[in-house]
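# Observations on the three-dimensional arrangement
What follows is the residue order along each chain.
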Amino acid sequence: MIYDLLIIGGGPAGLSVAKKAYETGIKNMLVLERDDELGGILNQCIHNGFGIEKFNKELTGPEYASLYIEDIEEKGINYLLGSMVLNIRDEGEYKVVEVASKEKGYLELKTKTVVLAMGSRERTRMMIQTPGTRPAGVFNAGLAQKYVNIDGYMVGKKVVILGSGDIGLIMARRMTLVGAEVLRVVEIEPYSNGLSRNVMQCLKDFDIPLQLSHTITEIKGNDRVESVVIAEVDENKNVIESTKEEVECDTVLFSVGLIPENELSTNLGVEIDNRTQGPKVNEKLETNIPGVFACGNVLHIHDVVDYVSDEAEQAADQVHKYLTDTQDICKRQIVLENSDDISYIVPQTIECKHSDIELKFRVRKPASNVRIILEDSEGNVLVNRKKWAVSPSEMEKVMIKGKMLEDIKGNLTLRLKAEE
Amino acid sequence: MEEKMTCIVCPRGCELTIVNAEDVSKMEVFNHLCIRGKHFAIKEKTNPMRTITATVKINDGKQNRLPVRTDGEIPKKVYMDIVDIINNIELKAPVKREDIIIENVLDTGINIIATKSVL
Ligand code: SF4
């Protein structure tokens, strides 16, 4: 048996791909999920704020997931839980997916297309090299979220959070509601890395201080965390020694960013962009391996799940075109570049100039009153849009009309320009 | 007097500027991208409202915690009282998504409902 589509991951991206693929007419597909239930990270994101763009309703994570899961059950789309994909092989026309399944043992599944939807994982204390001892009580914020919200296990009583990403902010509130004392959230950047609504409703509402331009310089404690040393940093992120302060606590949560989880992609031979740490894709969300697509957090980190679903639907549409031989194929390849004040842009290349394309990017630093400019190698401007404010915590999008791509020269560069 | 406030109605998080914040009848709101921001600011200055999300203990189910939320906004001043009530509930599986866990909590007219089915 040969599948038309295998979806690697049953989180928000994978579920949206499955639903949309079914609607385009693809029936012969399978979703592979390593956990014991579908929904991925949404299951532990019990807070609300999901679905505003897509459903015009404010849903919690489990509710957002169940809208898709119930639909998938109803449509009879096949999925396999407790199934870990070990490896994907490219055999040209077909891909072979090696799976270790709790229920079915080792499987080799043959498919015409694959959508990579594995999501991301948290950056750890090791990755940012926070010095100190290695006592119990140091957790990644997302792992702590799983312990608290799914397993019902209290991770600590006096908590310091390093990093103001959304998971850290959400966990500051969550820990407070389950009876812990959250002493402060410490952020090395001079701005918050999470959505400002989360700073408001997770910190300000509970009088939890947010210390910008600060970091943890040492974790102390033998068996359990006993204290942390917190210090201010200068503009070059060097610790200002005289500002060091020891804060007693029993728990430290790290919320220092997410990284796309791409071991499978790399082994398969998919080219990775070191800006996004995700696969390089063209406007069809197709990787350098024909028939292998990527969407969601495995491609680049999103801050709003609704946009993950949108992207996943685009991927599903493209899978449908690939399978029905209606893909737009052009010889030309336009490379998308960005200036230094932008940290990445997706897609990385554009092959076809027929359809409208949504470019997604993030800025490196917050700025206000800027113009977003997209121009070709000869300085012809395709997009010139004013933005009141941009921030690294929010993914930005610009649309380019297919028509505009017809006579561009060379490659495209996206940059910011300060407005006087 | 001018005051800044973050609108929390949607993920955009507009940074609102409020003029005459001390007197609701003269209050003016700026920098909101949509009308919901203005309503939010006025509410926030008169009777701030929030949605609560939390989990409750559930026995004999596939998992130990059931996620719940208020099915509407509750006044911020009873937030922690409601959280206390939620923290002390213990349920028995099965519970279905949208099942009412507590009706009319603290006479707010709002129910606590399950946001997931735990079988
Ligand atoms: S003002 Fe409107 S657009 Fe801005 S954050 Fe509030 S709801 Fe969202």
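What comes next is a walk through the structure. (Residues numbered from 1 in each chain as written. Chains lettered and ligands numbered in written order. Predicted model: local features only at pLDDT ≥ 70, side-chain atom pairs only at ≥ 80, totals over all residues. Heavy atoms only, no water.)

## Here's the deal with the state of the cysteines
Applying the stated rule across the entire model yields 0 disulfides over all chains. The thiol sulfur of Cys-45 of chain A is not disulfide-bonded, and the nearest other cysteine sulfur, from Cys-202 of chain A, lies at 12 Å. (Disulfide = S-S within 2.5 Å.)

## A short note on the sheet that holds strand β2 (residues 15-19) of chain B
Residues and elements named next belong to chain B. If you trace the 3 strands from one edge of the open sheet to the other, you get β1-β2-β3, paired in antiparallel fashion. Only two strands of the sheet have a single neighbouring strand rather than two, namely β1 (2-6) and β3 (28-30). Each adjacent strand pair in this sheet contributes to an overall mean axis angle of 30°, direction not counted. Pairing of β1 with β2, which is carried by 5 bridges, proceeds in the antiparallel orientation. Each bridged residue has a counterpart across the sheet, and for Met-5 the counterpart in β2 is Leu-16. (Pairing = 2+ DSSP bridges. Helix = DSSP H or I, 4+ residues; strand = E, 2+ residues; numbered from the N terminus. Axes fitted to C-alpha atoms, helices over the stretch in contact; angles between N-to-C directions.)

## Regarding the packing of helix α6 (residues 166-177) of chain A against helix α2 (residues 79-87) of chain B
Two numbers describe how α6 of chain A lies on α2 of chain B: the axes approach to 10 Å, and their chain directions differ by 70°. The orientation of α6 of chain A with respect to α2 of chain B, classified from their angle, is roughly perpendicular. Across the interface between the two elements, Arg-173, Thr-176 and Leu-177 of chain A of α6 of chain A pack against Tyr-79, Met-80, Val-83 and Asn-87 of chain B of α2 of chain B. Of the residues belonging to the contact of α6 of chain A with α2 of chain B, the class tally is 4 nonpolar, 2 polar and 1 charged. (Parallel < 35°, antiparallel > 145°, perpendicular 65-115°, else oblique. Contact = heavy atoms within 4.5 Å. Nonpolar A, V, L, I, M, F, W, Y, C, P; charged D, E, K, R; others polar.)

## Observations regarding the nonpolar core
Judged by nonpolar contacts, the single largest core of 61 residues is most densely connected at Leu-5, Ile-8, Leu-32, Ile-88, Val-97 and Leu-116 of chain A. Summarising the domain contributions, this core has at least three residues from each of domain 1 (2-121 + 259-327) and domain 3 (337-418) of chain A. Excluding residues within four positions of it along the chain, Ile-8 of chain A makes contact with Leu-32, Val-85, Ile-88, Val-97, Val-114, Val-115, Leu-116, Ala-117, Met-118 and Leu-264 of chain A. The next biggest cluster of nonpolar side chains, apart from the first, holds 45 residues, and it includes Ala-180 and Leu-203 of chain A together with Ile-101 and Ile-112 of chain B. (Core = buried A, V, L, I, M, F, W, Y, C linked by side-chain atoms within 4.5 Å. Buried < 20%, exposed > 50% of the residue type's maximum accessible area, 1.4 Å probe, protein only. Domains from an automatic or database assignment.)

The values are spatial; any link to function lies outside them.
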